[in-house]
Amino acid sequence: MGWLTRLFPALAREPAAIPDDLWQSTLGQLPFLDRLDGNERSRLKGLCEQLLARKPLSGAGGFEVSDGIAVLIAAQASLLVLHLDLSLYDDLSAVIVFPDAFEVRQRHVDEAGVVHEWDEELAGEAVEQGGAVALSWFDVALQQEPGATHNIVIHEFAHKIDMGRGAANGCPPFLKGLHDPDELHDWPQVFSTAYDDFCERIDRLEDALPPDFDDDHPRHARLYDALAADLPLDPYASRDPAEFFAVASEAFFVAPQPLAAAYPAVYRKLAAYYRQDPLAMA
Ligand SMILES: [Zn+2]
């Protein structure tokens, strides 16, 4: 990290200006930022500089984070709080970038009190209670391709916002003076109605799969992908309400049309929450 380590020595974390050529090349890699006007772009740059000054961003598993990678990640994380406040990331301790998907030990206690533990390969993870965001660079880079509808950086930072006041539950903290309580008071109802509907769509998708469905089988995998292509969100959104919020946030910023068409009330709540409207024509 040449420029960052030069400009952000460990003990003097004053925000430093991102060089203009680096900023322009970052914007060029993130087509979903094209909608931002000049003021928003300079605000985003300022947030990015503050975020990089406040939070350590480092590589793991032998991965070296270049200045370009650091700014690319920080720009996407800053997009969520562009019209909010960086205090939403107070709970974030660090950003850790792995070269590829990484294994995380998962633990779940079922209704009978039985503890299940397994290793899961993840492209990203947000750890609550002052934890870090971990990202797989392979997946971050893949999702910069034109036409990409997923964004692991936005996904994990949406979780981090959701974790701002306790465990992630799909209802992020509202900020005094920035959020209108009248506009957001019915958030839980709007999101749970959409979540229930989405889970029903997943049930119907699963009913259409053969009884011997095996996602390692190429023909089965193609059938699943074809059925999932008709969904307004990635199937992962059905996992729980916190994932629904994170996946909906990704869609909101990167590919909002299917979300707005299927769940217009969710789109409007996200627009009110993030105080941005990606579908509005400039
Ligand atoms: Zn998630």
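Heads up: the structure comes first, above all this text.
Nothing here was measured: the structure is a model prediction, and the numbers come from that model. (Residues numbered from 1 in each chain as written. Predicted model: local features only at pLDDT ≥ 70, side-chain atom pairs only at ≥ 80, totals over all residues. Heavy atoms only, no water.)

Trainee: Is there a simple way to explain the coordination of the zinc ion in this structure?
Mentor: Around a metal, the perfect tetrahedron of four donors has angles of 109.5 degrees, and the perfect octahedron of six donors has angles of 90 or 180 degrees. For the zinc ion, the protein coordination sphere consists of His155 (NE2), His159 (NE2), Glu243 (OE) and Glu243 (OE), at 2.1 to 2.6 Å. The site at the zinc ion holds four donor atoms, and with the angles between them running 54 to 147 degrees, its shape is irregular. Coordination of the zinc ion draws on donor residues from a single chain, spaced H-x3-H-x83-E in sequence. A residue pair is termed long-range when its members are at least 10 positions apart, and histidine 155 in helix 6 (residues 152-162) and glutamate 243 in helix 10 (residues 241-254) qualify at 88 residues. This pair shows no difference in class: histidine 155 is buried, exactly as glutamate 243 is. (Donors = N, O, S within 2.8 Å, 3.2 Å for Na, K, Ca; no water. Tetrahedral: all angles 85-135°; square planar, octahedral: opposite > 155°, others 65-115°. Helix = DSSP H or I, 4+ residues; strand = E, 2+ residues; numbered from the N terminus. Buried < 20%, exposed > 50% of the residue type's maximum accessible area, 1.4 Å probe, protein only.)

Trainee: Would you take a moment to explain the packing of helix 4 (residues 67-80) against helix 6 for this structure?
Mentor: The description of two helices packed together rests on the angle between their axes and the distance between the axes. Interaxial distance between helix 4 and helix 6 falls to 9 Å at its minimum, and their mutual angle equals 50 degrees. One way to sum up the angle between helix 4 and helix 6 is to call them oblique. Every pair of crossing elements has a handedness; the one defined by helix 4 and helix 6 is right-handed. Residue-level inspection shows Ile73, Gln76, Ala77, Leu79 and Leu80 of helix 4 in contact with helix 6, the latter providing Val153, Ile154, Phe157, Ala158 and Ile161. Residues of the contact of helix 4 with helix 6, tallied by class, amount to nine nonpolar, one polar and no charged. (Axes fitted to C-alpha atoms, helices over the stretch in contact; angles between N-to-C directions. Parallel < 35°, antiparallel > 145°, perpendicular 65-115°, else oblique. Left-handed = near helix turned anticlockwise from the far one by under 90°. Contact = heavy atoms within 4.5 Å. Nonpolar A, V, L, I, M, F, W, Y, C, P; charged D, E, K, R; others polar.)

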